[in-house]
Amino acid sequence: MGSWNLRKELGNLTAEMEITNVSEYQEIAKQKLPKMVYDYYASGAEDQWTLQENRNAFSRILFRPRILIDVSKIDMTTTVLDFKISMPIMLAPTAMQKMAHPEGEYATARAASAAGTIMTLSSWATSSVEEVASTGPGIRFFQLYVYKDRNVVAQLVRRAERAGFKAIALTVDTPRLGRREADIKNRFTLPPFLTLKNFEGLDLGKMDKADDSGLASYVAGQIDRTLSWKDVQWLQTITKLPILVKGVITAEDTKIAIEAGAAGIIVSNHGARQLDYVPATIMALEEVVKAAQGRVPVFLDGGVRRGTDVFKALALGASGIFIGRPVVFSLAAEGEAGVRKVLSMLREEFELTMALSGCRSLKEITRDHITTDWDPPRPVPRL
């Protein structure tokens with residue numbers, strides 16, 4: 001009973017302390033969650049340099065606001081793969097959400113739908129594609145890991161299609177799992193009362209205990225290290241759904257992804273959980289946008305905690321952004337209400353940033369609204 005009372009007290013804490021920004025949910029999640037679970041969500045690979053950099057890099061981009069523009073009406077709506085959404089802020093795939101809250105992905109799906117935006121369901125969700133679809137209407141994408149057994153992959157993609165998912169986000173940066181030392185120390189494994197629901201009937205839903213990270217052992221046993229560009233083409237033979245390639249951070253791979261038939265690119269370093277010392281995604285974004293040359297939309301994943309971050313990503317050419325950790329931390333703190341609050345806070349901050357920068361619609365956000373360390377000196381306008 002003691003731990004339940006503690007959770008109740010911590011629940012009261014969130015009521016007492018008014019949450020005024022997205023980052024505040026992380027400390028509440030840390031207090032509420034078992035150490036193994038919190039560390040799994042929060043940590044990055046190795047020295048966690050990229051984990052810090054994903055956040056810090058935003059602070060090196062400054063605004064050049066335009067003034068005396070009528071900003072009485074602001075339109076944040078946009079379309080992603082022809083689907084109309086209320087704002088360019090979407091939910092990234094985050095695994096095993098029932099570790100954060102008993103309602104897990106159900107709560108997240110409802111919160112995304114209420115906010116009029118897109119949720120991406122992880123392959124490693126603790127709720128199945130069918131269960132998430134049962135929460136009601138909503139635009140949902142499915143994140144895919146490619147298993148060694150391609151029949152498993154084909155079956156999963158078909159199930160996602162049948163359940164009304166609208167796109168596949170193919171994760172391409174995980175032929176092996178990054179070295180996440182907190183998970184090794186904690187001997188991370190999925191709690192016994194949970195399963196990876198999408199794989200339950202395939203005897204792939206459980207994670208064995210291991211001498212290091214149970215997830216790393218699971219990936220080593222199941223995920224296909226031979227994954228290559230030809231598999232992106234193979235995927236298009238088994239589904240009509242558009243494929244977003246998630247995990248691209250270079251111009252070279254952007255060009256290959258487009259040639260391979262990608263419908264869009266998600267600039268991502270997997271929340272800094274794979275290869276440490278890759279650049280922050282906001283630093284890699286412009287290179288990818290330039291290489292894409294407008295042929296496909298480019299999205300940013302990683303480090304977004306403020307509406308100002310969303311604006312900076314759009315000014316650098318992103319068509320939208322995805323949030324990951326804020327979802328699981330707010331879910332841990334307050335369930336569905338927490339996720340709703342994160343989405344509404346980001347929405348309000350983004351709207352305010354647009355107004356104070358003199359932008360009334362997303363198409364008015366330009367590269368000239370920001371300045372970065374790497375910009376060439378600006379010519380002084382002649383009077």
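Residues numbered from 1 in each chain as written. Predicted model: local features only at pLDDT ≥ 70, side-chain atom pairs only at ≥ 80, totals over all residues. Heavy atoms only, no water.

As annotated in an unreviewed UniProt entry, the protein carries the name (S)-2-hydroxy-acid oxidase and is attributed to Hibiscus sabdariffa. As stated in UniProt under Subcellular location (unreviewed entry), the record for the protein gives "Peroxisome". Here is the UniProt Cofactor (unreviewed entry) comment for the protein, exactly as written: "FMN". (UniProt positions renumbered as here; feature names shortened; annotations may be inferred.)

Visitor: When you look at the packing of helix H2 (residues 24–32) against helix H14 (residues 325–357) in this model, what are you seeing that I'm missing?
Guide: The packing of two helices is summarised by the inter-axis angle and the distance between the axes. The interhelical angle for the contact between H2 and H14, taken along N-to-C directions, is 170°, at an axis separation of 10 Å. Accordingly, the angle class assigned to the pair H2 and H14 is roughly antiparallel. Each of Tyr-25, Gln-26, Ile-28, Ala-29 and Lys-32 in H2 lies in contact with H14, whose residues at this interface are Phe-329, Ser-330, Ala-332, Ala-333, Glu-334, Gly-338, Lys-341, Val-342 and Met-345. Tallied by class, residues from the contact of H2 with H14 come to 8 nonpolar, 3 polar and 3 charged. (Axes fitted to C-alpha atoms, helices over the stretch in contact; angles between N-to-C directions. Helix = DSSP H or I, 4+ residues; strand = E, 2+ residues; numbered from the N terminus. Parallel < 35°, antiparallel > 145°, perpendicular 65-115°, else oblique. Contact = heavy atoms within 4.5 Å. Nonpolar A, V, L, I, M, F, W, Y, C, P; charged D, E, K, R; others polar.)

Visitor: What am I meant to see in the packing of aromatic side chains here?
Guide: The geometry of two aromatic rings is summed up by the distance between their centres and the angle between their planes. Per the counting criterion, the structure on display carries 9 aromatic pairs. For the ring pair Tyr-40 and Tyr-41, a centre distance of 5.7 Å and an interplane angle of 55° mean the geometry is tilted. Note on accessibility: Tyr-40 and Tyr-41 belong to one class, buried. Put simply, the rings of Tyr-40, Tyr-41 and Phe-188 touch in pairs and so form one group of aromatic residues. Its guanidinium or amino end placed over the ring of Tyr-40, Arg-273 lies 4.8 Å from that ring's centre, counting from NZ or CZ. Directly above the ring of Phe-63 sits Lys-312, whose terminal nitrogen or CZ lies 5.3 Å from the centroid. (Phe/Tyr/Trp six-rings, centres within 6.5 Å; stacked < 30°, edge-to-face > 60°. Buried < 20%, exposed > 50% of the residue type's maximum accessible area, 1.4 Å probe, protein only. Lys NZ or Arg CZ within 6 Å of the ring centre and 35° of its normal.)

Visitor: For this particular structure, what's the right way to read helix H12 (residues 281–292)?
Guide: Side chains that are three or four residues apart share a direction in an α-helix, a result of its 3.6 residues per turn. If you check H12, its first and last C-alpha atoms are 16 Å apart, about what 12 residues at 1.5 Å a residue would give, namely 16 Å. Taken together, the buried positions of H12 are Thr-281, Ile-282, Ala-284, Leu-285, Glu-286, Val-288, Ala-291 and Ala-292. Phi turns positive, to about 50°, at Gln-293, one or two residues after H12. (Expected span 1.5 Å × (residues − 1).)

Visitor: Would you mind going over the nonpolar core with me for this structure?
Guide: By size, the foremost hydrophobic cluster in this structure holds 103 residues, and its most contacted members are Leu-144, Ile-282 and Phe-350. Looking at which element gives the most residues to this core, the answer is H14, with 13 residues. Ignoring anything within four residues of it in the chain, the contact list for Ile-282 reads Ala-57, Phe-58, Ile-61, Leu-300, Lys-312, Ala-313 and Leu-316. In terms of nonpolar packing, the next biggest core, distinct from the first, is built from 14 residues, Met-90, Ala-92, Ile-139 and Ala-169 among them. (Core = buried A, V, L, I, M, F, W, Y, C linked by side-chain atoms within 4.5 Å.)

Visitor: Sorry if this is basic, but what is going on with the environment of Met-76 here?
Guide: Summarising the element assignment, Met-76 is placed in the loop between strand S1 (61–63) and strand S2 (78–80). Under the relative-accessibility criterion, Met-76 is labelled buried at 3%. Taking the C-alpha atoms as reference, Met-76 lies 17 Å from Ile-139; in sequence the two are 63 residues apart. Not counting the four nearest positions on each side in its chain, Met-76 is found in contact with Ser-86, Met-87, Pro-88, Arg-347, Phe-350, Glu-351, Met-354 and Leu-362.

Visitor: Would you mind going over the environment of Ile-74 with me for this structure?
Guide: Tracing the backbone shows Ile-74 in the loop between S1 and S2. Of the residues examined, Ile-74 reaches a relative accessible area of 19% and is grouped as buried. Considering only alpha carbons, one finds Ile-74 and Arg-360, 286 residues apart in sequence, at a separation of 4.6 Å. Once residues within four sequence positions are removed from consideration, Ile-74 is found in contact with Glu-351, Met-354, Ala-355, Cys-359 and Arg-360.

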